[in-house]
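Notes for the structure review
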Amino acid sequence: MSLESFTNHLITLPSGTILHADAVGPSSGVPDDPCKIAVCLHPWSWLGGSKDDPTLRCLERVLVSAGYYVVRYNSRGVGKSSGWPSFTGSSEAQDLRDLVQWLIGRVSSVEHVLIAGYSHGSLIASLHPILPSPIKTYHLLLSYPLGPRGWLTAFRTSTYTNALATLVHNPAANVLVVYGTKDEFTGISKYDTWAEELKRARGDAALRIERIEGATHFWFSYEAELQDTVGTWLAS
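For the structure given in this document, a descriptive report is provided here. (Residues numbered from 1 in each chain as written. Predicted model: local features only at pLDDT ≥ 70, side-chain atom pairs only at ≥ 80, totals over all residues. Heavy atoms only, no water.)

Topic: the side chain of Lys36
In this structure, Lys36 sits in strand β3 (residues 35–41). Although buried, Lys36 forms no salt bridge, and the nearest oppositely charged side chain, Glu111, lies 5.7 Å from it. Separated by 2.6 Å, the side chain of Lys36 and the backbone oxygen of Ala66 make a polar contact. Ignoring sequence-local partners within four residues, the contact set of Lys36 consists of Ala66, Gly67, Tyr68, Tyr69, Glu111 and His112. (Helix = DSSP H or I, 4+ residues; strand = E, 2+ residues; numbered from the N terminus. Buried < 20%, exposed > 50% of the residue type's maximum accessible area, 1.4 Å probe, protein only. Lys, Arg positive; Asp, Glu negative; His and termini not counted. Salt bridge = Lys/Arg side-chain N within 4 Å of Asp/Glu carboxyl O. Polar contact = N/O pair within 3.5 Å; in protein donor to acceptor, adjacent residues only side chain to side chain. Contact = heavy atoms within 4.5 Å.)

This is how it looks when you write it as structure tokens:
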């Protein structure tokens, strides 16, 4: 089996849920084994989030340049994906785990799996566990919606707080958190306090936190800065 680029593909998960997805590989077309896989999660579907979000496409470009096979997909209930969005994110988290396993099962050797979540997608990404060795797991949490996290998750705030704490304590974790100083949904003082708490709480995990001066939640006109930040992290 192999990984191939595709557009508007329908992936059937073991649960029966169908995910509407796009995928693109490095310039060679199909990544060599052992390969690197990145899965990108979009903002909240209730507010129009989808796999075609321009910020996800921005991330896709830098990830492909770094040799990743990148999958963007619509969460349940969006586009041609089946089902209905949940209020807590639990169903979406299971879909993500199933999708990652589906991708891993299509190649003989996977070296890296990177889970990249943007806005609400970063909440779901934070729930994805570290994969067993020898696969290396990376998490990219972009514009983590700290301010509205409670109502975005039906007030399951503790679930997400605990998941993130578990992640940054795991010595096998490698996490990049990126936020803008002009985010419309989370004030910079709240972000900075949270960032310091994460740094103090971390165990032996590799944790990098980057704040981009002037950037908003939507990253308009700051795509280059975002790509530079992510590219530097990937190269480190």
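Let's talk about the sheet that holds strand β8 (residues 206–212)
Overall, mixed pairing links the eight strands, which are arranged β1-β2-β4-β3-β5-β6-β7-β8 in an open sheet. Edge positions in the sheet fall to β1 (6–12) and β8, since each has one partner strand and no second. The average undirected angle you get between the axes of adjacent strands in this sheet is 20°. Across the face of the sheet, helix α1 (residues 54–65) comes into contact with β2 (18–24), β3, β4 (68–73), β5 (110–118) and β6 (136–142) while running at roughly 165° to β4. With respect to the sheet, helix α7 (residues 223–235) is in contact with β4, β5, β6, β7 (174–180) and β8, its orientation differing from that of β7 by roughly 165°. (Pairing = 2+ DSSP bridges. Axes fitted to C-alpha atoms, helices over the stretch in contact; angles between N-to-C directions.)

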